[in-house]
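Read off the chains here:
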Amino acid sequence: MSPLITPAELAELGDAVTLLDVRGGISGPPGIDRYREGHLPGALFCDLDADLAAAPGAGGRHPLPSAEHFQNAMRRLGVTRGKTVVVYDDAGSTIAARAWWNLRYFGHDQVKVLDGGLPAWDALGLPIVKDEPTASPGDFTAVPGGMPVLTADEAASLANTGVLLDARSAERYRGEVEPIDPVAGHIPGAVSAPTTDNVTADGRFLAASDLDARFTALGVTDGTPVGAYCGSGVTAAHEVLALNLAGYPAALYVGSWSNWVANPTHPIATA
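Rules used throughout
Along each chain, the written sequence defines residue order, and numbers are assigned to residues from 1. In view of the model being predicted, local features appear only for residues whose pLDDT reaches at least 70, and side-chain atom pairs are presented and counted only at 80 or more, with totals across whole chains, interfaces and linings using the full set of residues. Computation of side-chain values: all heavy atoms of the structure, hydrogens and water removed. Exposed residues in this analysis have more than 50% of their type's maximum accessible area, buried residues have under 20%, and partly exposed residues fall in between, with area computed by a 1.4 Å probe over protein chains only. A run of H or I in DSSP becomes a helix once it reaches four residues, and a run of E becomes a strand once it reaches two; helices and strands are each numbered from the N terminus. Salt-bridge detection follows one rule: a side-chain nitrogen of Lys or Arg within 4 Å of a carboxyl oxygen of Asp or Glu. Any pair of N or O atoms that falls within 3.5 Å is considered a polar contact. Within protein, one atom must be able to donate a hydrogen and the other to accept it, and sequence-neighbouring residues count only if both atoms are side-chain atoms. Residue contacts follow a heavy-atom distance rule, with two residues in contact if any of their heavy atoms lie within 4.5 Å. Note that the arc is computed from the directions linking the helix axis to the C-beta atoms. Aromatic contacts are taken between Phe, Tyr and Trp rings whose centres are within 6.5 Å, Trp giving its six-membered ring; a plane angle under 30 degrees counts as stacked, one over 60 as edge-to-face, and the others as tilted. In this analysis, strands are considered paired if DSSP registers two or more bridges between them. For helices, the fitted line uses only the C-alpha atoms of the stretch in contact; every axis is such a line through C-alpha atoms, and the angle between N-to-C directions lies from 0 to 180 degrees.

Draft legend 1. Highlighting unusual backbone geometry. Residues other than glycine seldom take positive phi values, yet S93 does so here, at roughly 70 degrees. When its relative accessible area of 1% is taken as the criterion, S93 is described as buried. Here the phi dihedral of S256 falls at roughly 55 degrees; this positive angle occurs in a residue that is not glycine. Counting through the fold element by element, S256 comes out in helix 11 (residues 256–260). By relative accessible area, S256 is classed as buried at 0%.

Written out as C-alpha cells, the structure is:
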C-alpha cells in the first residue's frame, strides 16, 4: 500500500481520516500562522518542534521525542490506532515526511502523505478553510521501534559498508556553505543526494521507477544497507520516504549533521 495519497483520493474520504497540517518549522513564517491563514477542512496543526521532536541539544536540532511525549501530542490531535492519519505541508512534503516517519516509528501503520500538499489540493479548487476544529482525544499508544534508526557510530560505519545518503543541498554537503550548523561538510563516505531531487517542480514525488533509477545511480541496490541523514533528521525522513516508494528500506540518522558536529572528535569531510 502506497504511503502517498492524492488530493482527489483524500477528498473522497472526508472525515474518515485524521488530518494533520505540518507546515513550517524550518524556514519561513511560523507554521501556526500559515495554518490560521487557511488549511484543509478538518485539519489540526501539528508542530514540528513541539510535537515531532524533543528539545534541541547535543542530540541534534530535532531529536527524537520520547514515546510519552509523542503519544501525548498525538492523542491531543485525535490520533487513534485504527484510523488512517494523513499529513501534509506546503514544501514538497519535507516536513510531512517527518510526521509520517514519527508515526511509523512509534507504531502507527496507517499513515499517508498528501502528495503535493496544500498547493496540490488548492490547484484542484478544493476548499481551504480558516476555522479550527477541536479534536476528540485520541487513544494512540506510542511503541518505539517501528522504523530503523542509526546512531552516529552506526551512520559512520554504514558510510563504509553500505550507502549513507546526505539529503542536504550539494553546497552544504561539499562544505561550501552552512547556514544553520556550526561546522560545514559531511560525514566521510556519505553520498550527496539532495532531497529536492525526489520531487517534481510542483512538489509531487517522482514516479517509483524514476526514484528507483535515481537511487540506483547513487549506489543503492537490493540488499544494500541504506541510511539517510540531513541537518536535523527532517528532510532525511523525506529521503527515507522516497526510498520506500522506490522499494528500498532505509534507516534514519535522526540526530543527523547537527548531532554529528556536536562531537568535536567526529571527522569532517569536504569535497
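Draft legend 2. Quick look at the pattern of salt bridges. The final tally for this structure, using the stated rule, is 13 salt bridges. A salt bridge links D181 to R61; the shortest N-O distance between them is 2.9 Å. With a gap of 120 residues between them, D181 in the loop between helix 8 (170–174) and strand 7 (191–192) and R61 in the loop between helix 3 (48–51) and helix 4 (67–76) connect regions that are remote in the sequence. Here D181 falls in the buried class, since its relative accessible area comes to 7%. Residue classification places R61 among the partly exposed residues on the basis of a relative accessible area of 24%. Overlapping salt bridges bring together R61, D166, R168, R172, E178 and D181 as one network.

Draft legend 3. Region of the structure containing the side chain of D89. Mapped onto the elements, D89 comes out in the loop between strand 4 (85–88) and helix 5 (96–105). Side-chain polar atoms of D89 contact the backbone nitrogen of A91, separated by 2.9 Å. Other than its neighbours up to four places away in sequence, D89 contacts V22, R23, T94, I95, A96, G117, L118 and P119.

Draft legend 4. Quick look at helix 5. Of all 10 residues in helix 5, 9 are buried, a share of seventy percent or more. Those residues of helix 5 that are buried are in contact with helix 3, helix 4, strand 4, strand 5 (111–114), helix 10 (235–246) and strand 9 (251–252). A positive backbone phi angle near 100 degrees is found at G107, which sits one or two residues after helix 5.

Draft legend 5. Seen up close, the side chain of T18. The topology assignment puts T18 in strand 2 (residues 18–21). The contact partners of T18, leaving out residues within four places of it in the chain, are L77, G78, V79, K83, T84, V85 and V86.

Draft legend 6. Broad picture of helix 4. Those residues of helix 4 not exposed but buried are F70, Q71, A73 and M74. Mapping the buried residues of helix 4 onto a view down its axis gives an arc of 165 degrees, with all of them on the same face. Buried-residue contacts for helix 4 involve strand 2, helix 3 and helix 5.

Draft legend 7. Fine view of the packing of aromatic side chains. Evaluated as defined, the whole model comprises 6 aromatic pairs. Both rings, one in Y35 and one in F45, keep their centres 5.8 Å apart while their planes meet at 45 degrees; by these two values the pair is tilted. In this pair, Y35 sits in helix 2 (residues 31–37) while F45 sits in strand 3 (residues 44–45), placing the two residues 10 residues apart along the sequence. Each member of the pair, Y35 together with F45, is buried.

Draft legend 8. Spotlight on the sheet that holds strand 5. Read across the open sheet, the 5 strands follow the order 1-5-4-2-3; overall the sheet is parallel. Each end of this open sheet is capped by a strand with a single partner; those strands are strand 1 (4–5) and strand 3. The sheet contact formed by strand 2 and strand 4 spans 4 bridges and is parallel. By the bridge assignment, L19 is partnered in strand 4 with V86. Packed onto the sheet, helix 5 meets strand 4 and strand 5 and runs at close to 150 degrees relative to strand 4.

Draft legend 9. Region of interest: the pairing of strand 8 (residues 226–229). Because side chains alternate across strand 8, one face comprises the buried residues V226 and A228, and the other comprises G227 and Y229, equally buried. Strand direction decides the pairing type here: strand 6 (residues 163–166) and strand 8, joined by 4 bridges, are parallel. Bridge assignment links L164 to a residue of strand 8, and that residue is G227. With 2 bridges joining them, strand 8 and strand 9 adopt parallel strand pairing. Looking at strand 9, one finds that G227 is bridged to A251.

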